[in-house]
Amino acid sequence: MSITKLTTNGIAGAKYDSVSADNYYMEPIATTLVGAGGTATITFSNIPNTYKHLQLRILSRSARTDAADGIALRFNSDSGSNYSWHYLRGDGTSPGAGGSATQTEILLSYDFAANTAGSNIFGIGIVDILDYANVYKYKTVRILAGNDRNGSGAVGLCSGLWMNTAATTTLTLTSYWGANNFLQNSRFSLYGIRG
Amino acid sequence: MSKTATYSLIESQTLGSATATVTFSSIPGTFTDLILIIRATTLSANYNMRFNGDTGTNYSDTSLWGNGSSAASYRSSNNTVIGLTYTSSGAPISRIQIQDYSNATTYKTVLTRQDDSVNAAGCNVGLWRNTAAITSISIVSPGTIPSGTTLKLYGIQAGNA
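Residues numbered from 1 in each chain as written. Chains lettered and ligands numbered in written order. Predicted model: local features only at pLDDT ≥ 70, side-chain atom pairs only at ≥ 80, totals over all residues.

**Focus on the overall build of chain A**
Across its full length, chain A carries zero helices and 14 strands. Written out in order from the N terminus, the α and β elements of chain A read β-β-β-β-β-β-β-β-β-β-β-β-β-β. Here chain A holds 195 residues, and the buried ones make up 45% of them. Contacts in chain A between residues at least 24 apart in sequence constitute 74% of all its contacts with a sequence separation of at least 6. (Helix = DSSP H or I, 4+ residues; strand = E, 2+ residues; numbered from the N terminus. Buried ≥ 20, exposed ≤ 12 C-beta atoms within 10 Å, placed from the backbone. Contact = placed C-beta atoms within 7 Å.)

Below, the structure written as structure tokens:
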């Protein structure tokens, strides 16, 4: 993180820092707030290559007939078996871990909310996509995600790999368990992180 | 596409003495997400979270912890706080993510990463069963939050739809 601006307010006893570093290193790229009809696919295209990393911030509830749903991620519309992922999660009782290789998408997490969760409950996730524009590395993502449903739910840490050195220009998100719409008020926001 | 920088400091507090409660009030509704970073000065700092002064049993949380030799997962339901620390040793560093905090249509879910270089590391998801926009956040301790602890609240603004 680079600090590009310093400000001082110089007010004795103020609740704000006397010298605060405004970390102007994160910029919003685009966001999708899902409307009343829902949508099955979220796509961020024409992603500029001017950042060091990307961060995807998710608030999600899907139409899957279950309390929870997974979200799958693809890069540059690649539907080949070029992905792998691992997770570590806790469901309130016991920790668990798993993973899968030679997949057609990255499972970001099993733990976003779905249609039989209690009303108004959404899952959230933070997805960091590191060195997304580098053309010499496979692309790696890390995820923190979960949903709590007052007596059920889970939280987990996940990682994913796209075995391709191409710069990332498009990200596509869908339900992991089939054609389930993301429901109204779900939000998907993409940010660029300056190096 | 918007190019406006974000991740803006809303308020910073450094505790001049040990206290049981720290409150961020009058949070503006102009951001999309909030991030609260807590850096405690002792390893034994234990603290929890409330929104908008609600002391009802409207909170729950699920956590995952590892201490170097084993992992565990815990849950709390119908609680009066979202638990942020589960180990007896506390969590000196916490990064708390609060998404879509100002909408009036969804219950509020938060994600937390806790780091303690000596004893444990973990993560937590918490739920506040209320659709109200969050206008204040209280960090409450069953004991006290130690003097010198810093708490910084940041706002993040999403890009254009």
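Okay, back to it.
**Some words on the sheet that holds strand E9 (residues 106–113) of chain A**
All names here are of chain A. Pairing within the open sheet is antiparallel, and its four strands lie in the order E4-E13-E6-E9. Among the strands making up the open sheet, the edge pair consists of strand E4 (41–44) and E9. Strand-to-strand, the axes of this sheet are offset by a mean angle of 20°, without reference to chain direction. As judged from the five bridges shared by strand E6 (residues 68–75) and strand E13 (residues 171–175), these two strands associate in the antiparallel manner. Directly across from Ala72, in E13, lies its bridge partner Thr174. (Pairing = 2+ DSSP bridges. Axes fitted to C-alpha atoms, helices over the stretch in contact; angles between N-to-C directions.)

**Notes on the environment of Gly151 of chain A**
Note on placement: Gly151 of chain A falls in the loop between strand E11 (139–148) and strand E12 (153–162). For Gly151 of chain A, a count of 13 C-beta atoms within 10 Å translates into the label partly exposed. Excluding residues that lie within four positions of it along the chain, Gly151 of chain A makes contacts with Ser60 and Ser77 of chain B.

**Observations concerning the interface of chain A and chain B**
Opposite the 45 residues of chain A that make contact, chain B presents 48 residues. When residues of the side of chain A that touches chain B are traced back to their parent elements, those giving at least two are strand E3 (26–33), strand E5 (53–60), strand E7 (83–90), strand E10 (123–130), E11, E12 and strand E14 (187–193) of chain A. Counting residues per element, the side of chain A that touches chain B draws most heavily on E3 of chain A, at eight residues. Among the residues making up the side of chain A that touches chain B, the classes are represented as 18 nonpolar, 18 polar and nine charged. (Nonpolar A, V, L, I, M, F, W, Y, C, P; charged D, E, K, R; others polar.)

**Some words on the sheet that holds strand E6 (residues 71–79) of chain B**
All names here are of chain B. The antiparallel open sheet is built from eight strands, whose spatial order is E1-E12-E3-E8-E9-E10-E5-E6. A single partner strand is all that each edge strand has here, and the edge strands are strand E1 (8–14) and E6. Averaged over all neighbouring strand pairs, the angle between strand axes comes to 15°, with direction disregarded. Across six bridges, E1 lies against strand E12 (residues 150–156) in antiparallel orientation. Along E12, the bridge assignment pairs Ser8 with Gly155.

**What about the nonpolar core?**
Residues and elements named next belong to chain A. Ranked by internal contacts, the top residues of the largest apolar core, which has 88 residues, are Ala72, Ile106 and Leu108. Considering every element that reaches this core, the biggest residue donor is E9, with six residues. With residues near it in sequence (within four places) discarded, Leu108 still touches Ile71, Ala72, Leu73, Gly125, Val127, Ile143, Ala145 and Cys158. (Core = buried A, V, L, I, M, F, W, Y, C linked by C-beta atoms within 7 Å.)

**Quick notes on the pairing of strand E5 (residues 59–66) of chain B**
Residue and element names in this part refer to chain B. Along E5, seven of the eight residues are buried, which leaves the element largely enclosed by surrounding structure. In this sheet, E6 lies alongside E5 in antiparallel orientation, the contact comprising seven bridges. Each residue of the ladder has a partner; that of Trp65, found in E6, is Ala72. The loop that links E5 with its antiparallel partner E6 comprises four residues; one of these, Gly68, has a positive phi angle of about 100°.

**Focus on the pairing of E11 of chain A**
Residue and element names in this part refer to chain A. E11 sits mainly inside the fold: eight of its 10 residues count as buried. The pairing of E10 with E11 spans seven bridges and is classified as antiparallel. Looking at the pairing, Val127 lines up with Ile143 of E11.

**Let's talk about unusual backbone geometry**
The phi dihedral of Asn185 of chain A is positive, around 80°, even though this residue is not glycine. In this structure, Asn185 of chain A sits in the loop between E13 and E14. Phi is positive for Asn52 of chain B, close to 50°, though the residue is something other than glycine. With 16 C-beta atoms packed within 10 Å, Asn52 of chain B lands in the partly exposed category.

**What about the environment of Asn150 of chain A?**
Inspection of the secondary structure assignment puts Asn150 of chain A in the loop between E11 and E12. Remark: the alpha-carbon pair of Asn150 of chain A and Ala117 of chain A, spanning 33 residues in sequence, is separated by 10.0 Å. The contacts of Asn150 of chain A, once residues within four sequence positions are left out, are Gly118 of chain A together with Ser60, Ser77, Asn78, Leu127 and Arg129 of chain B.

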